Amino acid sequence: MGTAPAQLFPEFIVDTLGLDSVIGEVAASLVAAFVVGNIILAFTGVAGPWAKRKITAAFTDRIAVDRIGPFGLLIIPAAAIQLLAKELIIPEGVDRPSWDIAPIILPSSALLGFSVIPMGQLGPINLHLADPEVGFALVFAFASIASVSLVMAGYASNNKYSLLGGLRAVAQNLAYEIPLIVTAMSVVIFSGTLQMSGVVGAQTETLVTIAGVSIPSWYALVNPFAFVLFLTANMAEIGRNPFDIPEAPTEIVGGYQTEYSSAYFVLFYLGEFVHIFLGGAILAVTFLGGASGPGPESISFIWFVVKIWGFFLFTQWARAALPRVRIDQLIEIGWKGMLVLSFANLVLTAVIVGVIA
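These numbers were taken from a predicted model, which means no experiment stands behind them. (Residues numbered from 1 in each chain as written. Predicted model: local features only at pLDDT ≥ 70, side-chain atom pairs only at ≥ 80, totals over all residues. Heavy atoms only, no water.)

1. Some words on the overall build of the protein
Thinking step 1. Secondary structure summary: the protein contains 14 helices and four strands in total.
Thinking step 2. A globule of 357 residues ought to have a C-alpha radius of gyration of about 21 Å, and the protein, at 21 Å, matches this closely.
Thinking step 3. For the protein, the spread of C-alpha atoms along the three principal axes comes to 60 × 55 × 45 Å.
Thinking step 4. Taking all 357 residues of the protein together, 47% fall into the buried category.
Thinking step 5. Intrachain contacts of the protein at a sequence separation of at least 6 include 77% that bridge at least 24 residues.
Thinking step 6. By element, 70% of the accessible surface of the protein is carried by carbon and sulfur atoms, the whole surface being about 16300 Å².
Thinking step 7. If the 15 positive side-chain charges of the protein are averaged to one point and the 23 negative ones to another, these points end up 15 Å apart. (Helix = DSSP H or I, 4+ residues; strand = E, 2+ residues; numbered from the N terminus. Rg over C-alpha atoms; globule rule 2.2 N^0.38 Å. Buried < 20%, exposed > 50% of the residue type's maximum accessible area, 1.4 Å probe, protein only. Contact = heavy atoms within 4.5 Å. Areas by Shrake-Rupley, 256 points an atom, 1.4 Å probe, with all protein chains shown as cover. Lys, Arg positive; Asp, Glu negative; His and termini not counted. Charge placed at Lys NZ, Arg CZ, Asp CG, Glu CD.)

2. A look at the UniProt feature "transmembrane region" (unreviewed entry) in the protein
Thinking step 1. Per the UniProt record, the feature "transmembrane region" (unreviewed entry) sits at residues 26-47, 68-89, 134-156, 176-194, 206-233, 263-288, 300-318 and 338-356.
Thinking step 2. Between the end C-alpha atoms of residues 134-156 there is a gap of 34 Å, over a span that is 91% helix and 0% strand.
Thinking step 3. What you have in residues 206-233 is 50% helix and 32% strand, and the ends, taken at the C-alpha atoms, are 28 Å apart. (UniProt positions renumbered as here; feature names shortened; annotations may be inferred.)

3. Examining the packing of aromatic side chains
Thinking step 1. For the structure shown, the criterion picks out 20 aromatic pairs.
Thinking step 2. Both rings, one in Phe43 and one in Phe277, keep their centres 5.9 Å apart while their planes meet at 40 degrees; by these two values the pair is tilted. Of this pair, Phe43 sits in helix H2 (residues 22-59) while Phe277 sits in helix H12 (residues 262-287); the two residues are 234 residues apart in sequence, bridging distant segments of the chain. Like Phe43, the residue Phe277 is buried in the burial classification.
Thinking step 3. Geometrically, the ring pair formed by Tyr176 and Phe243 is tilted, given 5.3 Å between the ring centres and 50 degrees between the ring planes. Remark: Phe243 occurs in the loop between helix H10 (224-237) and helix H11 (249-252) and Tyr176 occurs in helix H7 (residues 160-191); sequence separation between them is 67 residues. In this structure, Tyr176 and Phe243 share a single accessibility class: buried.
Thinking step 4. What links up through ring pairs into an aromatic cluster is the set Phe43, Phe265, Tyr269, Phe273, Phe277, Trp309 and Phe312. (Phe/Tyr/Trp six-rings, centres within 6.5 Å; stacked < 30°, edge-to-face > 60°.)

What follows is the structure in structure tokens.
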């Protein structure tokens with residue numbers, strides 16, 4: 001399967017509807033963003049209330065939701081109504097408007113990240129909103145905004161457990177964001193570009209042919225060590241086991257989100273799952289060939305969906321199987337282990353590419 005076509009989703013809408021004015025282009029961009037955003041929100045709507053419970057139950061030999069609708073699927077609207085119907089309790093002493101803004105920033109930062117992710121084609125439509133030359137750097141910049149939300153929530157809540165959760169979030173993101181980006185730079189060295197479509201396109205070339213079957217040059221196959229490093233740091237960035245330290249319920253109640261309820265809690269919960277899918281999307285683009293896969297290019301979006309849901313399945317396995325590390329262990333793993341290994345991988349990659357080139 002080749003690279004995605006040059007025409008982006010907003011451009012497709014402009015050409016199809018004949019919107020050649022500036023207002024038309026802006027409207028087309030908003031419509032395209034609305035469609036892509038709702039696709040991601042639909043994924044999180046299924047993942048949070050339903051898939052998370054069913055997958056965890058399967059891993060732990062239990063029965064999850066199965067009484068509300070077929071296969072328990074009606075738990076999705078039921079949980080939404082239940083949470084949104086709860087009273088929004090505003091504790092005394094909170095620092096508003098920071099307390100109000102924090103839940104909005106978390107999901108917004110993840111949705112912004114999808115603006116530069118090439119999600120593949122669905123028929124004639126290329127689900128890619130923008131393809132700037134520095135898209136690879138932008139997606140990490142957007143994702144890192146989530147740290148601001150957690151710090152704001154922890155500080156503004158006027159609660160010691162919330163403050164501890166916010167401080168843990170800062171410590172964790174500092175310890176693992178640097179190894180994450182440094183490991184990702186080894187992919188940039190391989191592909192020779194910061195453009196997302198270029199990174200995906202470089203992985204569509206054939207790595208080796210075995211018995212007539214062409215194996216693509218996915219960077220997970222080219223450099224599996226970097227793939228494992230990136231996967232580990234990615235799990236820490238999205239706060240999944242064994243790295244769910246900022247909200248550790250057994251220690252600090254719920255961390256940064258302890259004082260939030262009703263719609264605000266829903267926004268935090270939504271943001272958590274949108275970030276999981278963004279982490280899966282970044283992993284897919286960086287190491288798993290993006291939306292590329294067997295079959296015609298017109299169904300490449302299906303392969304993209306399979307890959308990000310595969311990552312979600314992995315996060316739920318980790319949640320069911322791996323115990324949470326202590327905060328001191330987490331920091332030590334990040335600064336003394338991941339950081340050193342990520343720079344070693346970067347130097348080794350640069351040497352190998354330099355010799356081959």
